[in-house]
Protein chains: 2
Amino acid sequence: MAVTIRDVARTAGVHVSTVSRTFSAPHLVNPETRVRVLAVAEELGYRPNRAARALTTGRTGNLGLIVADIANPFFPPLIKSAQAHARERDYHVFVADTDEDPRVEEELIRTFAKQVDGLLLCSPRLSGRAIDRLNVEIPFVVVNRQVKGLSTVLMDVAQGARSAVEHLLRLGHRRIALLAGPSSSWNSSAIEEAAASAALAGGAELAVLGPNPPTEQGGELAAAEVLRSGATGVLAYNDLIAIGLIEALDELGVAVPGQLSVVGFDDIMPARVISPKLTTVAMPTVAAGRAAVDALLRLVESPATGTTRTTLDTSLVVRASTAAAPSPAVARPR
Amino acid sequence: MAVTIRDVARTAGVHVSTVSRTFSAPHLVNPETRVRVLAVAEELGYRPNRAARALTTGRTGNLGLIVADIANPFFPPLIKSAQAHARERDYHVFVADTDEDPRVEEELIRTFAKQVDGLLLCSPRLSGRAIDRLNVEIPFVVVNRQVKGLSTVLMDVAQGARSAVEHLLRLGHRRIALLAGPSSSWNSSAIEEAAASAALAGGAELAVLGPNPPTEQGGELAAAEVLRSGATGVLAYNDLIAIGLIEALDELGVAVPGQLSVVGFDDIMPARVISPKLTTVAMPTVAAGRAAVDALLRLVESPATGTTRTTLDTSLVVRASTAAAPSPAVARPR
DNA sequence: TTGAAAGCGCTAACAC
DNA sequence: GTGTTAGCGCTTTCAA
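From a predicted model like this one, the values you see are computed outputs, not experimental measurements.

Draft legend 1. View of the overall build of chain A. The number of helices and strands found in chain A is 14 helices and 12 strands. Compactness check: chain A gives a C-alpha radius of gyration of 25 Å against a globular reference of 20 Å for 334 residues, more than 25% above the reference. In terms of overall dimensions, chain A has a C-alpha envelope of 90 × 35 × 30 Å along the principal axes. Per-residue burial for chain A yields a buried fraction of 56% across its 334 residues. Considering only contacts within chain A whose residues lie at least 6 apart along the sequence, 71% involve residues at least 24 apart. For chain A, the exposed area adds up to about 13800 Å²; of that, 52% sits on carbon and sulfur atoms. For chain A, the separation between the mean place of its 33 positive charges and that of its 34 negative charges on side chains is 6 Å.

Draft legend 2. Inspection of the packing of aromatic side chains at higher detail. Taken as a whole, this structure holds 7 aromatic pairs over all chains when the rule is applied. A ring pair is formed by Phe-74 of chain B and Phe-75 of chain B, whose centres lie 5.1 Å apart and whose planes are at 75 degrees; its orientation type is edge-to-face. Under the relative-accessibility criterion, Phe-74 of chain B is labelled buried at 6%. An aromatic cluster of three or more residues is present, and its members are Phe-94 and Phe-112 of chain A together with Phe-94 and Phe-112 of chain B.

Draft legend 3. Quick look at the protein's contact with DNA strand D. Around DNA strand D, a shell composed of 27 residues is seen, among which Ile-5 and Arg-53 of chain A together with Thr-18, Thr-33 and Thr-56 of chain B lie nearest. With respect to DNA strand D, the backbone of Ile-5 of chain A contributes an N or O atom lying 2.4 Å from a phosphate oxygen. Contributions of two or more residues to the surface near DNA strand D are made by α1 (5-12), α2 (16-24) and α4 (50-57) of chain A together with α2 (16-24) and α4 (50-57) of chain B. The dominant element in the surface near DNA strand D, judged by the number of residues it contributes, is α4 of chain A, at 5 residues. Within the surface near DNA strand D, the residues separate by chemical class into 10 nonpolar, 12 polar and 5 charged.

Draft legend 4. Structural view of the sheet that holds strand β8 (residues 233-236) of chain B. All names here are of chain B. Here 6 strands make up an open sheet; going across it, the order is β7-β6-β8-β9-β10-β12 and the pairing mixed. Looking at the sheet topology across the chains shown, the edges are occupied by β7 (205-209) and β12 (315-317). Going across the sheet, the axis of each strand differs from the next one's by a mean of 20 degrees, ignoring polarity. When strand β6 (residues 175-179) meets β8, the two strands line up parallel, connected through 4 bridges. Paired with Leu-179 across the strands is Ala-236, a residue of β8. Where helix α9 (residues 186-201) meets the sheet, its contacts fall on β6, β7, β8 and β9 (261-266), and the angle it forms with β7 comes to roughly 160 degrees. The strands that helix α11 (residues 239-252) touches are β6, β8, β9 and β10 (279-282); relative to β9, the one it contacts most, it runs at about 150 degrees.

Draft legend 5. Representation of the domain arrangement of chain A in the model. If you check the domain split of chain A, you get domain 1 (5-57), domain 2 (62-155 + 284-313) and domain 3 (157-283). Measuring from the centre of the C-alpha atoms in domain 1 of chain A to the corresponding centre in domain 2 of chain A gives 33 Å.

Draft legend 6. Region of the structure containing the packing of helix α10 (residues 216-229) of chain B against α11 of chain B. All names here are of chain B. Running from amino to carboxyl end, α10 crosses α11 at an angle of 55 degrees, the nearest separation of the two axes being 6 Å. With respect to their mutual orientation, α10 and α11 come out oblique. As α10 packs across α11, the resulting crossing turns out to be right-handed. Each of Glu-216, Gly-219, Glu-220, Ala-223, Val-226 and Leu-227 in α10 lies in contact with α11, whose residues at this interface are Leu-240, Ile-241, Ile-243, Gly-244, Leu-245, Glu-247, Ala-248, Leu-249 and Leu-252. Looking at the contact of α10 with α11 residue by residue, the classes come out as 10 nonpolar, 2 polar and 3 charged.

Draft legend 7. Seen up close, the relation of the copies chain B and chain A. Once chain B has been moved 0.0 Å along the axis and rotated by 180 degrees, it coincides with chain A to within an RMSD of 0.1 Å. Put plainly, the chains are arranged around a two-fold axis. Comparing interface residues between copies, 100% of those in chain B also lie at the interface in chain A; the contact surface is shared.

Draft legend 8. The arrangement of the side chain of Asp-239 of chain B in detail. Residues and elements named next belong to chain B. Here Asp-239 shows up in helix α11. As a buried residue without a salt bridge, Asp-239 has its nearest oppositely charged side chain in Arg-319, at a separation of 5.9 Å. Looking at Asp-239, its side chain comes within polar contact range of the main-chain nitrogen of Asp-267, at 2.6 Å. Residues within four places of Asp-239 in sequence aside, it is in contact with Gly-264, Phe-265, Asp-266, Asp-267, Ile-268, Ala-271, Leu-278 and Thr-280.

Draft legend 9. Seen up close, the sheet that holds strand β12 (residues 315-317) of chain A. Residues and elements named next belong to chain A. If you trace the 6 strands from one edge of the open sheet to the other, you get β7-β6-β8-β9-β10-β12, paired in mixed fashion. Here the strands that pair on one side only, and so sit at the sheet edges, are β7 (205-209) and β12. Averaged over all pairs of adjacent strands, the angle between their axes in this sheet comes to 20 degrees, without regard to strand direction. Each of β6 (175-179), β8 (233-236), β9 (261-266), β10 (279-282) and β12 is contacted by helix α8 (residues 157-170), which is oriented at about 165 degrees to β9, the strand it contacts most.

Draft legend 10. Geometry of α2 of chain B. Residue and element names in this part refer to chain B. Turning to α2, its buried residues number three or more, namely Thr-18, Val-19 and Thr-22. Buried residues of α2 fall within an arc of 100 degrees about the axis and therefore sit on the same side. Buried residues in α2 make contact with α1 (5-12) and α3 (31-44).

Draft legend 11. View of the interface of chain B and chain A. Counting residues at the interface gives 41 residues for chain B, matched by 41 residues for chain A. Here chain B and chain A share an interface that buries about 4200 Å² over both sides, 60% of which is from carbon and sulfur atoms. The largest per-residue losses of area from chain B upon contact with chain A belong to Arg-47, Lys-80 and Lys-114 of chain B, which jointly make up 15% of the total buried on that side. There are 8 salt bridges connecting chain B and chain A.

Draft legend 12. Helix α11 (residues 239-252) of chain A, seen in detail. Residue and element names in this part refer to chain A. The end-to-end C-alpha distance of α11 is 20 Å, a good match for the 20 Å that 14 residues give at a rise of 1.5 Å each. The element α11 is largely enclosed, with a buried count of 11 among its 14 residues. For α11, the complete set of buried residues consists of Asp-239, Leu-240, Ile-241, Ala-242, Ile-243, Gly-244, Leu-245, Ile-246, Glu-247, Ala-248 and Leu-249. Residue Asn-238 occupies the N-cap position of α11, its side-chain oxygen lying 3.2 Å from the main-chain nitrogen of Leu-240.

Draft legend 13. Structural detail: unusual backbone geometry. Here the amide bond leading from Ser-275 of chain A into Pro-276 of chain A is cis, since omega sits at 0 degrees, within 30 degrees of zero. Summarising the element assignment, Pro-276 of chain A is placed in the loop between α12 (269-273) and β10. Cis geometry marks the peptide bond from Val-256 of chain B to Pro-257 of chain B; its omega dihedral reads 5 degrees. Tracing the chain through its elements places Pro-257 of chain B in the loop between α11 and β9. In this structure, Ser-123 of chain A is a non-glycine residue whose phi angle is positive, near 50 degrees.

Draft legend 14. Summary view of the protein's contact with DNA strand C. In the neighbourhood of DNA strand C, 27 residues make up the surrounding shell, with Thr-18, Thr-33 and Thr-56 of chain A together with Ile-5 and Arg-53 of chain B lying closest. Backbone atoms, meaning sugar and phosphate, form 66% of the atoms of DNA strand C found within 4 Å of the protein. One nitrogen or oxygen atom from the side chain of Thr-33 of chain A is found 2.3 Å from a phosphate oxygen belonging to DNA strand C. Contact between DNA strand C and Ser-20 of chain B: a phosphate oxygen at 2.7 Å from a side-chain N or O atom of the residue. The biggest single contributor to the surface near DNA strand C is α4 of chain B, with 5 residues. Per-class residue counts for the surface near DNA strand C are 10 nonpolar, 12 polar and 5 charged.

Basis of the calculations
Starting afresh in each chain, residues are numbered from 1 along the sequence in its written order. In the order they appear in the text, chains get letters beginning with A and ligands get numbers beginning with 1. Whole-chain, interface and lining totals are the exception, using all residues; otherwise, since this is a predicted model, local features are given only for residues with pLDDT of at least 70 and side-chain atom pairs are given and counted only at 80 or more. The side-chain quantities take in all heavy atoms of the structure and omit both hydrogens and water. Helix numbering and strand numbering both begin at the N terminus, where a helix is a DSSP run of H or I of at least 4 residues and a strand a DSSP run of E of at least 2. Atoms considered for the radius of gyration are the C-alpha atoms alone. The globule rule reads 2.2 Å times the number of residues to the power 0.38. Note on exposure labels: buried denotes an accessible area under 20% of the residue type's maximum, exposed denotes more than 50%, and partly exposed covers the range between, all computed with a 1.4 Å probe on protein chains only. In what follows, residue pairs with any heavy atoms lying within 4.5 Å of each other are defined as contacts. Here the accessible surface of atoms and residues is derived via Shrake-Rupley with a 1.4 Å probe, and residues count as covered only by protein chains that are part of the display. Here Asp and Glu are counted as negative and Lys and Arg as positive; His is not counted, and neither are the chain ends. By convention, the point assigned to a charge is CZ for Arg, NZ for Lys, CD for Glu and CG for Asp. Each aromatic pair joins two rings of Phe, Tyr and Trp (for Trp, the six-membered one) with centres within 6.5 Å, and gets the label stacked for planes under 30 degrees apart, edge-to-face for over 60, and tilted for any other angle. One heavy atom within 4 Å of a molecule or strand makes the whole residue count as near it. Distance and chemistry together define a polar contact, namely a pair of N or O atoms within 3.5 Å, with one atom able to donate a hydrogen and the other to accept it when in protein, and with adjacent residues in sequence counting only for side-chain atoms on both sides. Asp, Glu, Lys and Arg are counted as charged, while Ala, Val, Leu, Ile, Met, Phe, Trp, Tyr, Cys and Pro are counted as nonpolar; the rest, among them Gly, fall into the polar class. Only strands joined by at least two bridges in the DSSP assignment are considered to pair. For every element, the axis is a line fit to its C-alpha atoms; helices are fit only across the contacting stretch, and the angle between N-to-C directions ranges from 0 to 180 degrees. Either an automatic procedure or a domain database provided the assignment from which the domain bounds are taken. With respect to orientation, any angle under 35 degrees is reported as roughly parallel, any angle over 145 as roughly antiparallel, any angle of 65 to 115 as roughly perpendicular, and every other angle as oblique. Put simply, a crossing is left-handed when the front helix is turned counterclockwise from the back one by less than a right angle, and right-handed when it is turned clockwise. All copies are superposed by least squares; the fitting set is the C-alpha atoms of residues with a pLDDT of at least 70 in both. We count a salt bridge whenever a side-chain nitrogen from Lys or Arg sits within 4 Å of a carboxyl oxygen from Asp or Glu. Think of it as the arc spanned by the lines of direction from the helix axis to the C-beta atoms. Using a 1.4 Å probe, buried area is obtained as the accessible area two parts lose upon being combined, added over both of them. To estimate the expected span of a helix, subtract one from its residue number and multiply by 1.5 Å.

So this is what it looks like as structure tokens:
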């Protein structure tokens, strides 16, 4: 067994409570004693057992971060940003992946509940009711989803969707397809709504296709349907879908952006690398990671303060996957 | 405070130990009592506190997974595979990222030490000595690095490097540059050694360039040096470096594979998507995640059995970033 | 400023 | 088959 507070106390010739105080309330202990205790602790390689500490204090110094899919390049920057920011505040963050499965998500929340002080839920697939129910056990901050009564960090996807649609409109597209994400995704609904109203305002049609799995494969499988829809411009729920679509289109010999313009969401790395480079709505993932940790720590450290809501701006990055609509549409009488 | 074993005991009219047994040794309790206890537990929403349990049993049911960089697409598949496999064995896995910083790595190991039963160290940047020292506190399985005395899971990068070099040799390349990874990377040394001997055997020169950060930027920054080296073929430590290099080369107007052939390592998603599609050595990350969990659980559950070593095969995936060396080299007298 | 002692939620002998 | 009890490593009153 590792070295405990008892070992330190014994060899330093003090009581355990003194050792404890040396670490958790140094100002309450005589400087000389403190120095001696610290020296012994150092020598023995003593490290306070956070789990045991948590048992009495109810505080672990850990945060949990649950994401839908760690393999989606959208998440890692957010995770890293959260970890770095938490570390500055002397917290550690443990990450887990739900595989887009609400049941796994619930189980993870329960497992984390006793081992961390608070939880960051990124793109949760759980129902609002389930979230509320679980929230009594542990503080949450929800990212990428609006849940009333909870602290949330949102990225303004509605604004992003509007910009994307307007961009397509400006290029002369009059029939636009939206490749929706999972039906449990709050962002997907927000995108759909905003895209629909922007299309309407611009006198264009919006065909909503989906739900689609938020993966490359989701995009590949949707290619045929996109073609069938007669759209000249496509807005995809995320870059993974957009990339899968572009690859499938390439197989089918459909030129992007010549015959079909494609816009994604997220601005993940492969989006910059694919050919044609993807026009996409960049998400402020790094800022979101920071904001989420801030909000959570506020909740954890001063529960009295209420919940917070943060909405971060998104911005359209125009690259090479969008171009003027093919002539028939452009030439259409006004 | 959440519901504890005491609450369940009280409302079920039994002693806490009976409740405890209901969960940890059900066969020792009268079926009727068990049913009643379970019912009450369910109703009250009781969940055993794993941290408290760990205090007495020394077992948490959690595993830790530490990676150098969660944002490197190489890791997520390994992480997912480990999580899924651990879940089958009724363990949870918590992930943390070291940002390639050995100090952070050490701190994370210490933090994890008391909260998990064992640790998966993926591509650790710590010295072998430090790893040994920390290992007394908690069982390790090391992935992507050979550490004697410890259980390891290796991917056969030497074989991969050999295949890659031979592939370039067959295409007529006689001057090959190797973009090395971080000097603390065990794999990088292994690749270098294997590539050197394969090049030698094939009568080609190998110029080792680096160390380079294992990132896109690392590749971008190395482009000038690659050009200066006069190499016609490049083997990069990983796909990120290869991709960064290709992008920089594109900026500089150097044709890939026309003027320069590029091979990467890992086979991450963007490698399939970049143009030209990247020739690369595929790493068995999914198998590695499984194997690592198996090895760790063996260590955790029956410490008596010794350590294990697993080496998994890699395979060269030939795509479009490699082609015959430009004519001067090809035409060179034999 | 320090020691003594109770207790956090749970398990594991040991009795009954 | 179930209750009793003594901790696991630590913090936190309360006294001294």
